[in-house]
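Structural overview for review
This is what each chain is made of:
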Amino acid sequence: MIIRPRHQSHFKLLLSNKGSVLKQIRGRLLLVTLLSVAVTLAGGWLYHYKVTLSFTPFLLMGLPLAIFLGFRNSVGYDRFWEGRNQWGELLIVCRNLARQALSLPADVDQTQARAQIYRLLAFVHALKDHLRGDGPTDLSALLPAGELAAVEAAPNRPNKVLLFTAKSFAALSHQGKVAPDLMARIDDQVTRLSYILGGCERIKTTPIPYSYLLLLHRTVFVYCLLLPFGLVDSVGYLTPLLVLVLAYTFFGLDALGDEIEDPFDADPNDLPLDAISRNIEVNLRSLLDETELPPQLEPKDQVLL
């Protein structure tokens, strides 16, 4: 996630390339700009034929195209915001379960409570790896050896950690250390973790329909390729500049929708799962009165991962 300086000037923002989609679209921008230069120098002639296009078709085509691009980006941002809501709820649920582990059982066993809270930390890190497709985080400091082996062998590591978390709380109920009504509340929180896992998997594995993206990509590309033929007779040598600005807008909106469609990647504009995971870890370890807490992650070159 890009962390913009609070008092950054508008001029610096105008020239900033951090988080910009320019890198993804520069090839297409170069192509349409070179084409517009060639069309301008040729005066709109293509071999022995004069290509005459009024700007009316571009107005009729550009309006619905802009609406569809806006709708596409709204859908992408909805997925981004839903992913952020899921991880915000993850923080709340982990705090609730940690508090319950430390307060609800009769004669709280601090060692057992610590093991339960460490399982929650293991779930958080396993979920992050599961969504990003990164190499698995070493969970050996968070899980007992037997559970660790089972988790590492599981195809869905966070789901397996969730099972051991539920079993550890259920064992307290079976031992009579947690009353049935209190156990029901604890199980509700564990169930919410399962919903969070499923919600994140839904966002990760459900792409925007391919046929919709294909139509949008093609239409934007054709629109930008035809622009110089519609502008050359009215603006003359300003055609390449206007085409560059319009193409940047349309190609940029198209690329931005692609970038925020999956909020769990490690791109600069995606969710900072590393920082959120670290924040959850600090919160839970502080409940255990641990003094050597890991530091909160800070942005590097304005990017918080």
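Here goes a summary of the coordinates provided. In this text the structure is predicted, and so the values were computed from the model without any measurement.

Calculation notes
- Sequence order as written defines residue numbering, which begins from 1 separately in each chain.
- Whole-chain, interface and lining totals are the exception, using all residues; otherwise, since this is a predicted model, local features are given only for residues with pLDDT of at least 70 and side-chain atom pairs are given and counted only at 80 or more.
- The basis for every side-chain value is the complete set of heavy atoms in the structure, and neither hydrogens nor water enter the calculation.
- Helix numbering and strand numbering both begin at the N terminus, where a helix is a DSSP run of H or I of at least 4 residues and a strand a DSSP run of E of at least 2.
- Each residue is placed in one exposure class: buried if its accessible area under a 1.4 Å probe, protein chains only, is under 20% of its type's maximum, exposed if it is over 50%, and partly exposed if it falls in between.
- Residues count as neighbours in contact if any of their non-hydrogen atoms are within 4.5 Å of one another.
- Axis definition: a line fit to C-alpha positions, over the contact stretch in the case of helices; interaxial angles, taken between N-to-C directions, run 0 to 180 degrees.
- Any angle from 65 to 115 degrees is called roughly perpendicular, while one under 35 is roughly parallel, one over 145 is roughly antiparallel, and all others are oblique.
- In this classification, Asp, Glu, Lys and Arg are treated as charged, Ala, Val, Leu, Ile, Met, Phe, Trp, Tyr, Cys and Pro as nonpolar, and every other residue, Gly included, as polar.

A word on the side chain of Q189. Looking at where Q189 falls in the secondary structure, it is placed in helix α7 (residues 180-205). A relative accessible area of 11% places Q189 in the buried class. Not counting chain neighbours up to four residues away, the residues in contact with Q189 comprise V93, N96, L97 and Q100.

With that settled, consider the packing of helix α6 (residues 157-174) against α7. Axis separation between α6 and α7 bottoms out at 10 Å; the angle between their running directions is 180°. For the element pair α6 / α7, the angle class is roughly antiparallel. Where α6 approaches α7, its residues P158, N159, L162, A166, F169, A170 and S173 are matched on the opposing element by M183, I186, V190, L193, S194 and L197. Across the contact of α6 with α7, the residue classes break down as 10 nonpolar, three polar and no charged.

Along the chain, the position of P240 falls in helix α9 (residues 239-260). Taking the relative accessible area as the measure of exposure, P240 reaches 16% and is therefore buried. Apart from the residues lying within four places of it in its own chain, the contact partners of P240 are S36, V37 and T40.

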